[in-house]
Amino acid sequence: LLKAIIGPVLVEELVPRAVHRGPGLIGVFNFQALSNVPPLRNYFLEEDNYKNIKRPPGDIMFLLVQRFGELMRKLWNPRNFKAHVSPHEMLQAVVLCSKKTFQITKQGDGVDFLSWFLNALHSALGGTKKKKKTIVTDVFQGSMRIFTKKLPHPDLPAEEKEQLLHNDEYQETMVESTFMYLTLDLPTAPLYKDEKEQLIIPQVPLFNILAKFNGITEKVSHLHSCPADASFSLDFFSFFLYVEVAT
């Protein structure tokens, strides 16, 4: 999700200014980023899309759906009297539905919040992990193939390694898995500052960072359950790319 300031501006007047300066907060900027994803935004602009969804008696999680829909309609209302929108009701719903895991006055992690919010929104809309989809999974869920193969112990003689590679235990296996978001390995910050006393993070093309998911790049991981290592590669074949840029 690109954290671009497009369209209306979100503010929360009740949050201390010092909290605003820290990263994460409670997802205020995540809400603004989500409001600029057209399929998700268009779905929540029309209350008829979700108002008849049936939930168990006493279920409070649907409050997230209602408040998020209200926030989307406030943000994209062309006749707003004010130039900004306060998401106070949305934040209160988050505090209640997350059982105070995320709070208005306490700084939180933006990635943790986004992960929780998307899954909670999907569940509140009646979605399930495997069978029933919602607008959340239609927009954000991708699929990947994970290829794994067991490697012989590096200290074994070459002939024994060759024999082991013919066993079924050492053949490559493939499983398919879904995901809401993926983590990328960003370049590390330089050790020394430049002439302007700044640490300039190297610029790397996005496709180079995504190479870990091309199905060719392999990574060796040590398995604690056995003395051998395992090599695996990742290949995503169905996904929508929304990049979250840390600021």
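Residues numbered from 1 in each chain as written. Predicted model: local features only at pLDDT ≥ 70, side-chain atom pairs only at ≥ 80, totals over all residues. Heavy atoms only, no water.

Things to note about the overall build of the protein chain
Thought 1: Assigned secondary structure in the protein chain consists of nine helices and six strands.
Thought 2: Counting the 247 residues in the protein chain, one finds 33% classified as buried.
Thought 3: Here the analysis covers contacts within the protein chain between residues at least 6 apart in sequence; of these, 65% occur between residues at least 24 apart. (Helix = DSSP H or I, 4+ residues; strand = E, 2+ residues; numbered from the N terminus. Buried < 20%, exposed > 50% of the residue type's maximum accessible area, 1.4 Å probe, protein only. Contact = heavy atoms within 4.5 Å.)

Observations regarding the confidence of the model for the protein chain
Thought 1: Looking at the protein chain, the pLDDT average stands at 75 and 72% of residues meet or exceed 70.
Thought 2: Contacts for the low-pLDDT stretch residues 1-27, under 50 throughout, to residues beyond four places or in other chains number 69 contacts.
Thought 3: Predicted confidence for residues 224-228 stays below pLDDT 50, and this span has seven contacts to residues more than four positions away or in other chains. (pLDDT = per-residue confidence, 0-100.)

Quick word on the packing of aromatic side chains
Thought 1: Evaluation of the coordinates by the stated rule reveals 13 aromatic pairs.
Thought 2: Plain terms: the ring middles of Phe-31 and Phe-68 are 6.4 Å apart, the flat faces sit at 50° to each other, and that makes the pair tilted. Separated by 37 residues along the polypeptide, Phe-31 in helix α2 (residues 28-34) and Phe-68 in helix α4 (residues 62-75) bring together distant segments of the chain. The exposure classification of Phe-31 matches that of Phe-68, with both residues buried.
Thought 3: Between the aromatic rings of Phe-31 and Phe-113, the centroid separation amounts to 5.5 Å while the plane-to-plane angle is 90°, which identifies the pairing as edge-to-face. Taken together, the positions of Phe-31 in helix α2 and Phe-113 in helix α6 (residues 110-124) put the pair 82 residues apart, joining distant regions of the chain. In this structure, Phe-31 and Phe-113 share a single accessibility class: buried. (Phe/Tyr/Trp six-rings, centres within 6.5 Å; stacked < 30°, edge-to-face > 60°.)

Focus: the side chain of Lys-150
Thought 1: Mapped onto the elements, Lys-150 comes out in strand β3 (residues 142-151).
Thought 2: Here Glu-169 takes part through its side chain, which lies 2.3 Å from a polar atom of the side chain of Lys-150. (Polar contact = N/O pair within 3.5 Å; in protein donor to acceptor, adjacent residues only side chain to side chain.)

Description of helix α5 (residues 88-97)
Thought 1: Met-90, Leu-91, Ala-93, Val-94, Val-95 and Cys-97 are the residues of α5 that are buried.
Thought 2: Where α5 ends, the next residue or the one after it, Lys-99, has phi of about 55°, a positive value.

Quick word on the pattern of salt bridges
Thought 1: Taken as a whole and judged by the stated rule, the model has five salt bridges.
Thought 2: One salt bridge connects Lys-51 with Asp-48, and the closest N-O pair in it is separated by 3.0 Å.
Thought 3: Residue class for Lys-51 comes out partly exposed when judged on its relative accessible area of 46%.
Thought 4: With its nearest N and O atoms 2.3 Å apart, the salt bridge here joins Lys-150 to Glu-169. On the criterion of sequence distance, the pair formed by Lys-150 in strand β3 and Glu-169 in the loop between α8 (158-164) and β4 (173-179) is long-range, its members being 19 residues apart.
Thought 5: Looking at Lys-150, the relative accessible area reads 19%, which means it is buried. (Salt bridge = Lys/Arg side-chain N within 4 Å of Asp/Glu carboxyl O.)

Looking at unusual backbone geometry
Thought 1: Even without being a glycine, Lys-99 presents a positive backbone phi close to 55°.
Thought 2: Tracing the backbone through its elements, the reader meets Lys-99 in the loop between α5 and α6.
Thought 3: Phi at Lys-100 takes a positive value of approximately 70°, unusual for a residue other than glycine.
Thought 4: Along the chain, Lys-100 turns up in the loop between α5 and α6.
Thought 5: Given the relative accessible area of 58%, Lys-100 is considered exposed.

Remarks on the packing of α4 against α5
Thought 1: Taken N-terminus to C-terminus, the directions of α4 and α5 make an angle of 160°; their axes are 9 Å apart at the nearest point. Looking at the two axes, α4 sits roughly antiparallel to α5. The handedness of the crossing between α4 and α5 comes out as left-handed. Between α4, through Leu-63, Leu-64, Arg-67, Phe-68, Leu-71 and Lys-74, and α5, the contact on the second element is made entirely by Glu-89, Met-90, Ala-93, Val-94, Leu-96 and Cys-97. (Axes fitted to C-alpha atoms, helices over the stretch in contact; angles between N-to-C directions. Parallel < 35°, antiparallel > 145°, perpendicular 65-115°, else oblique. Left-handed = near helix turned anticlockwise from the far one by under 90°.)

Quick word on α6
Thought 1: Along its 15 residues, α6 runs 21 Å from first to last C-alpha, staying within 8% of the 21 Å computed at 1.5 Å per residue.
Thought 2: Along α6, the residues classified as buried are Gly-110, Phe-113, Leu-114, Ser-115, Phe-117, Leu-118, Ala-120, Leu-121, His-122 and Ala-124.
Thought 3: Between a side-chain oxygen at the N-terminus of α6 and the backbone nitrogen of Val-111 the separation is 3.1 Å; the capping residue is Asp-109.
Thought 4: Note on α6: the residue one or two positions beyond its end, Gly-126, has a positive phi of about 95°. (Expected span 1.5 Å × (residues − 1).)

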